[in-house]
Amino acid sequence: MSRLKTLNDEYQTLRGRLEQGGGAERIKRQHDQGKLTARERVTALLDQDGPWVEIGLLVAWDQYDGQAPAAGVVTGLGRVGGRPVVVVANDATVKAGSWWPETIRKILRAQEIAMRQRIPIIYLVDSAGVNLPYQGGVFPGQYGAARIFYYNSIMRRYLKVPQIAAVMGPCIAGGAYLPALSDVIFMVDGTSFMGLGGPNLVKGATGQVVDAETLGGATTHTSVSAVAHYRAKDDNDCLARIREYVGRLPHAPPARRTYPAPKRDPKALYDLIPVDHRMSYDVRALLECLLDGRRLDEFQPDVAPEMICGHGAIEGRQVAVIANSRGVIKGKKTNEAPRIGGIIYTESAEKVAYFIENADRERVPLLFIQDVSGFMVGTEAEHTGIIRAGARFVEAMATATVAKLVLTVNHASGAGYYAMAGQGFDPDFIVSWPTGRMGVMEGESAIQAVYGADAAKPDNAAAVDAMRADYEHQLDAKFAGARGFVDAILTPDETRDTLAFLLEVSTEFTGPHLGAFALPGLS
């Protein structure tokens, strides 16, 4: 069995487990309360048979003794009435939907997608508030819970991003500002509550005894306080009415597109990726599985062939592709040393920088296919100006104002990972296959850097083995997914369709794609 297939099967098993949230017993408890689960709500909200790209499914899966699957919140992208939207749904089967530190990061990432792409965001609120034992990672700080409300405010005042909130369970304390700072609030009879303090806190603070419905139920907030705007009879009614609301928002439907199928069946990807991650493979064959069937129009194919640059399309949407070509590439001259694919040389950095700048001028989105081991080192590299060429590559990528999508296939190492639109440069979306290996360097390289020739000494064997195992653990794509270093891990079968949808989403906003969001000119 191929390495990709093995790792893919492991990931599919983990994904299935995480999608169960708090488990069967808590799902039943949610149903007994007359409520749908978070994932059932998302399914009912989105178009049937439409795309669903979940963002951050693996976040926190290997922390808190497994008690925080998906960090207690479902975030992702889908369509409502044919229109791309972002969805944030608290999972009440996980610690009553309370906020862990990672919950905040997931909500912020979802908001940033809505802000960058200028698409509606829908909050399905069902949360007991801050997970108090972990409040130190939730409440304070620049990227604590307050930033959610900052983003709410920026979207309302400056970006004009529609924000729709549905309170479908408890919504307590500071969390109540999330719906309050949205454009409209839906509440559900009998199951929703919204208040700065619940009945117990009110009694402790004021001595007043009041039930939840009278204090902050759907009837109270739609007919007494006027904080909420619409009252629904149950979850399904609420979700149907949100669909109607989104359907009223102005939006030009996407043009129908026709396109040729890929030259290769995407299932061939399983056999293209070698068993050993250090071995070479045919990157052009990989591209033939992902791109539309027309040929890739390569840019300077005979210059710096260790980097593939070219124009193609995915489901009819044009894209400028930058990919690392793995393998040993013969020198042009008889006495010229071969080049190692996956390494960025001075010439290849210059080539890619020029290609990026052209794509930016032409307003064509960029797709980075990452399998990079870093920049070349050594006397020749330094004497040919690798540092300056690398800086030009990084600057061209960082300042490009078109959408940037990243697919990590294998290695994502060192400064090469940065140059190939690493997460720190705010690509619009960054996804990985289960084979992705993200780190400053590979374990064997790190061992050599630390121990050198002493790595083979018997006295160092235990420490070397421990270091090797630690690197293998941290280089696992699931480790990156658990910490939000990638938006999603994709199976090869779903990659082409997912990239096509992400390209669609990223073309919703034709302005500059810079930073988490770009404010319009303020006077």
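In this report, the structure presented in the accompanying data block is examined. (Residues numbered from 1 in each chain as written. Predicted model: local features only at pLDDT ≥ 70, side-chain atom pairs only at ≥ 80, totals over all residues. Heavy atoms only, no water.)

Observations regarding the pattern of salt bridges
Thought 1: Taken as a whole and assessed by the stated rule, the structure comprises 34 salt bridges.
Thought 2: In this structure, arginine 41 and aspartate 235 form a salt bridge, with 2.9 Å as the shortest nitrogen-oxygen distance. Linking arginine 41 in helix α3 (residues 38-45) with aspartate 235 in helix α10 (residues 235-248), this pair joins segments that are 194 residues apart in sequence.
Thought 3: Residue classification places arginine 41 among the buried residues on the basis of a relative accessible area of 0%.
Thought 4: One salt bridge in this structure joins arginine 116 and aspartate 428, with 2.8 Å as the shortest N-O distance. Residue arginine 116 is found in helix α4 (residues 101-117), and its partner aspartate 428 is found in the loop between α16 (414-419) and β18 (429-432); the two are separated by 312 residues along the sequence.
Thought 5: One connected set of salt bridges, linked through shared partners, spans Lys35, Arg41, Asp126 and Asp235. (Salt bridge = Lys/Arg side-chain N within 4 Å of Asp/Glu carboxyl O. Helix = DSSP H or I, 4+ residues; strand = E, 2+ residues; numbered from the N terminus. Buried < 20%, exposed > 50% of the residue type's maximum accessible area, 1.4 Å probe, protein only.)

Points about the pairing of strand β15 (residues 366-372)
Thought 1: Summarising burial for β15: 7 of the 7 residues are buried, a large majority.
Thought 2: Burial along β15 is two-sided: the face carrying Leu366, Phe368, Gln370 and Val372 and the face carrying Leu367, Ile369 and Asp371 are both buried.
Thought 3: By the bridge criterion, 6 bridges tie β15 to strand β17 (residues 404-413) in an arrangement that is parallel. Looking across to β17, one finds that glutamine 370 is bridged to threonine 408. (Pairing = 2+ DSSP bridges.)

Some points on the nonpolar core
Thought 1: By size, the foremost hydrophobic cluster in this structure holds 74 residues, and its most contacted members are Leu77, Met155, Leu286, Val321, Ile369 and Trp433.
Thought 2: Residue contributions to this core peak at 7 residues, all from α4.
Thought 3: Core analysis: the next-biggest nonpolar cluster, separate from the first, contains 43 residues, Ala359, Ala396, Val406 and Ala421 among them. (Core = buried A, V, L, I, M, F, W, Y, C linked by side-chain atoms within 4.5 Å.)

Quick notes on the side chain of arginine 83
Thought 1: The topology assignment puts arginine 83 in strand β3 (residues 83-90).
Thought 2: Excluding residues within four positions of it along the chain, arginine 83 makes contact with Gly78, Pro120, Val246, Leu249, Pro250 and His251. (Contact = heavy atoms within 4.5 Å.)

What to know about the layout of surface pockets
Picture a little ball the size of a water molecule; that probe, rolled over the atoms, points out where space is still empty.
Thought 1: For the largest pocket, the calculated volume is near 680 Å³.
Thought 2: Every residue lining the largest pocket is counted, 34 residues in all, and those nearest its centre are Pro51, Val53, Asp497, Thr498 and Phe501.
Thought 3: Mapped onto the lining of the largest pocket, the elements with two or more residues apiece are α1 (3-18), β1 (52-54), β20 (488-489) and α20 (492-506).
Thought 4: No other element matches α20, which puts 6 residues into the lining of the largest pocket.
Thought 5: Here the lining of the largest pocket is built from residues that sort into 16 nonpolar, 5 polar and 13 charged.
Thought 6: In this model, the second largest pocket occupies a volume close to 550 Å³.
Thought 7: Around the second largest pocket sit 27 residues that line it, and Arg105, Arg109, Glu112, Gln423 and Gly484 are the ones nearest its centre.
Thought 8: Considering each element in turn, the lining of the second largest pocket owes the most residues, 9 residues, to α4.
Thought 9: Partitioned by chemical class, the residues of the lining of the second largest pocket number 11 nonpolar, 6 polar and 10 charged. (1 Å grid on protein atoms, 1.4 Å probe; cavity = no way out; pocket = protein on both sides within 12 Å on 5 of 7 lines; lining within 4 Å. Points joined across faces, edges and corners; volume = space filled by probe spheres on them. Nonpolar A, V, L, I, M, F, W, Y, C, P; charged D, E, K, R; others polar.)

Observations regarding the packing of α3 against α10
Thought 1: Packing of α3 against α10 brings their axes to within 9 Å, and their N-to-C directions diverge by 40 degrees. Regarding the angle of α3 to α10, the classification is oblique. The way α3 lies across α10 gives a crossing that is right-handed. Of the residues in α10, those touching α3 at Arg41, Ala44 and Leu45 are Asp235, Asn236, Leu239, Ile242 and Arg243.
Thought 2: For the contact of α3 with α10, the per-class residue count stands at 4 nonpolar, 1 polar and 3 charged. (Axes fitted to C-alpha atoms, helices over the stretch in contact; angles between N-to-C directions. Parallel < 35°, antiparallel > 145°, perpendicular 65-115°, else oblique. Left-handed = near helix turned anticlockwise from the far one by under 90°.)

Considering unusual backbone geometry
Thought 1: Positive phi is not limited to glycine here, since alanine 60 has a value of about 70 degrees.
Thought 2: Mapping alanine 60 onto the fold places it in the loop between β1 and β2 (73-80).
Thought 3: The buried category is assigned to alanine 60, whose relative accessible area is 0%.
Thought 4: With phi around 55 degrees, tyrosine 64 is a residue other than glycine that occupies positive phi space.
Thought 5: In this structure, tyrosine 64 sits in the loop between β1 and β2.

Observations regarding the environment of glycine 175
Thought 1: As for its placement among the helices and strands, glycine 175 is situated in the loop between β5 (163-172) and α6 (177-180).
Thought 2: Measuring from C-alpha to C-alpha, the distance between glycine 175 and alanine 146 comes to 9.6 Å, with 29 residues separating the pair along the chain.
Thought 3: Those residues in contact with glycine 175 that sit more than four places away from it in its chain are Trp99 and Phe149.

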